[in-house]
Amino acid sequence: MATDDPAAKRWPSLGSWADVDPARYPFDPDGVLAVVRALAPQVPPAVSPKMPLLGQPEAWDKYRADRELAARWNDAITDIFVDQYGDWAFGWHWSPGVDDYSDELTRTWDFWRPISTSPEESLRLVAAALVEWRRWLEELAERFDRFLPALRIDGSAGRDDLVAVWEAAITHLLIGTVSRIEDEDGWQGWCHRVLTWFLTAAGLPQERSEMLVGSAVDARFDGWVALTRADIADIAERLAREIAEPGNRAIPRTGQGGDDWPDTWPDGWPSWRATNLPRPHS
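Residues numbered from 1 in each chain as written. Predicted model: local features only at pLDDT ≥ 70, side-chain atom pairs only at ≥ 80, totals over all residues. Heavy atoms only, no water.

(A) Spotlight on the overall build of the protein. Helix and strand counts for the protein come out as seven helices and zero strands. Secondary structure elements of the protein, listed N to C terminal, follow the sequence α-α-α-α-α-α-α. In the protein, which comprises 282 residues, the share counted as buried stands at 46%. In the protein, of all internal contacts separated by at least 6 residues, the share reaching a separation of at least 24 is 66%. Per element, the accessible surface of the protein, about 14500 Å² overall, is 51% carbon and sulfur. (Helix = DSSP H or I, 4+ residues; strand = E, 2+ residues; numbered from the N terminus. Buried < 20%, exposed > 50% of the residue type's maximum accessible area, 1.4 Å probe, protein only. Contact = heavy atoms within 4.5 Å. Areas by Shrake-Rupley, 256 points an atom, 1.4 Å probe, with all protein chains shown as cover.)

(B) Structural detail: the confidence of the model for the protein. Mean pLDDT for the protein: 78, with 71% of residues reaching 70 or above. Predicted confidence for residues 98–106 stays below pLDDT 50, and this span has 15 contacts to residues more than four positions away or in other chains. In this model, residues 270–282 is a region of pLDDT below 50 whose contacts with residues beyond four sequence positions or in other chains number 46 contacts. (pLDDT = per-residue confidence, 0-100.)

(C) Representation of the packing of helix α6 (residues 206–216) against helix α7 (residues 229–244). Between α6 and α7, the shortest axis-to-axis distance is 9 Å and the interhelical angle comes to 145 degrees. The way α6 lies across α7 gives a crossing that is right-handed. For the pair α6 and α7, contact is made by Arg 208, Leu 212, Val 213 and Ala 216 and by Ile 235, Leu 239, Glu 242 and Ile 243, respectively. Taken together, the residues of the contact of α6 with α7 break down into six nonpolar, no polar and two charged. (Axes fitted to C-alpha atoms, helices over the stretch in contact; angles between N-to-C directions. Left-handed = near helix turned anticlockwise from the far one by under 90°. Nonpolar A, V, L, I, M, F, W, Y, C, P; charged D, E, K, R; others polar.)

(D) Up close: the side chain of Asn 74. Looking at the element boundaries, Asn 74 is found in helix α2 (residues 57–85). Contacts of Asn 74, omitting those with residues within four sequence positions, involve Trp 92, Trp 109, Asp 110 and Phe 111.

(E) The pattern of salt bridges, seen in detail. If you walk through the whole model with that rule in mind, you get eight salt bridges. Across the salt bridge formed by Arg 64 and Asp 61, the nearest N and O atoms sit 2.9 Å from each other. Of this pair, Arg 64 and Asp 61 both sit in helix α2, three residues apart, which is roughly one turn of the helix. When its relative accessible area of 47% is taken as the criterion, Arg 64 is described as partly exposed. The exposure class assigned to Asp 61 is partly exposed, which follows from its relative accessible area of 46%. (Salt bridge = Lys/Arg side-chain N within 4 Å of Asp/Glu carboxyl O.)

(F) A look at the packing of aromatic side chains. For the structure shown, the criterion picks out 16 aromatic pairs. With 6.4 Å between their ring centres and 55 degrees between their planes, Tyr 85 and Trp 88 make a pair best called tilted. Since its relative accessible area comes to 0%, Trp 88 is described here as buried. Residues Phe 90 and Trp 94 carry aromatic rings whose centres are separated by 5.3 Å and whose planes lie at 75 degrees to one another, so their mutual orientation is edge-to-face. (Phe/Tyr/Trp six-rings, centres within 6.5 Å; stacked < 30°, edge-to-face > 60°.)

(G) Broad picture of the environment of Leu 227. Within the secondary structure, Leu 227 is located in the loop between α6 and α7. The exposure class of Leu 227 is buried, given its relative accessible area of 14%. Once the C-alpha coordinates of Leu 227 and Val 178 are considered, the two residues, 49 residues apart in sequence, prove to be 8.1 Å apart.

(H) Just the environment of Ala 141, in detail. When you line up the elements, Ala 141 lands in helix α3 (residues 119–147). Sequence separation between Ala 141 and Phe 198 is 57 residues, and the spatial gap between their C-alpha atoms is 9.2 Å.

(I) Region of interest: the nonpolar core. Phe 81, Trp 88, Trp 166 and Trp 197 are the most contacted members of the largest nonpolar core, which totals 67 residues. Elements supplying a minimum of two residues to this core: α1 (32–39), α2, α3, α4 (159–178), α5 (187–201), α6 and α7. Of all the elements, α3 adds the most residues to this core, at 14 residues. Those residues in contact with Trp 197 that sit more than four places away from it in its chain are Leu 14, Gly 15, Ser 16, Trp 17, Val 20, Trp 133, Trp 136, Leu 137, Leu 140 and Phe 144. (Core = buried A, V, L, I, M, F, W, Y, C linked by side-chain atoms within 4.5 Å.)

(J) Looking closely at unusual backbone geometry. Positive phi is not limited to glycine here, since Leu 14 has a value of about 55 degrees. Structurally, Leu 14 is set in the segment before α1. The class for Leu 14 is buried, based on a relative accessible area of 3%.

(K) Representation of the side chain of Ser 122 in the model. Mapped onto the fold, Ser 122 is located in helix α3. Judged by relative accessible area, which is 0%, Ser 122 ranks as buried. Residues within four places of Ser 122 in sequence aside, it is in contact with Val 43, Trp 109, Pro 114 and Ser 116.

Structure follows, in structure tokens:
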């Protein structure tokens with residue numbers, strides 16, 4: 001069960017691939033529903049997807065109380081999953097493809113309100129959400145395995161070869177991640193998470209991985225800016241060179257010299273490499 005003191009919770013951060021790598025955690029998807037049925041507390045009433053109107057204090061009080069009750073129940077489910085299956089299960093309600101900014105039910109499980117018509121359906125949906133999360137991690141592991149054997153950060157690979165492999169891997173992961181996200185403006189968090197996991201899986205320290213990804217992704221894009229194919233190419237090239245050539249600044253930013261790219265490229269070109277037309281988020 002979840003504790004009343006948030007500071008006392010022992011939930012993992014899942015900042016490194018080792019925290020979620022399916023190879024480290026045996027899992028039987030067929031037994032999840034039985035675990036949920038046996039251990040879950042009583043399912044609370046569903047919370048209305050609509051907030052009360054101003055001037056309705058009693059309705060607001062009920063809405064907040066129901067929302068808090070739903071949150072505590074979800075916390076209890078998280079504790080159960082982490083205790084039963086390991087740290088990776090903490091992300092059971094993180095499944096990509098989530099739209100938090102509309103009334104459409106686009107996710108298997110909504111953290112704040114059970115999207116169900118009965119307690120039994122709620123338990124089934126919770127179990128399905130964990131299985132979906134696990135399947136996504138397994139899919140991600142397969143993607144990682146395609147590239148990790150070719151990555152050598154110990155200097156045994158040639159510089160140009162290493163940059164090319166990293167760039168191809170990062171491009172592949174970005175395209176695969178963005179394609180799963182229904183809210184195209186909310187891609188930053190997922191891309192940051194996947195790329196950080198990939199770098200740590202390749203042997204880079206977590207702190208450095210987070211710094212590199214943050215510099216390549218988070219610091220270069222304002223909120224609500226959709227990712228384009230040009231952006232993917234830019235992120236992949238810059239991040240690959242930062243990994244293979246730490247501290248290298250051979251690729252200039254806008255206004256620092258370099259080739260002027262044509263103004264007629266699609267999808268927001270020229271990129272940050274161009275000097276003739278700066279982008280607003282460069």
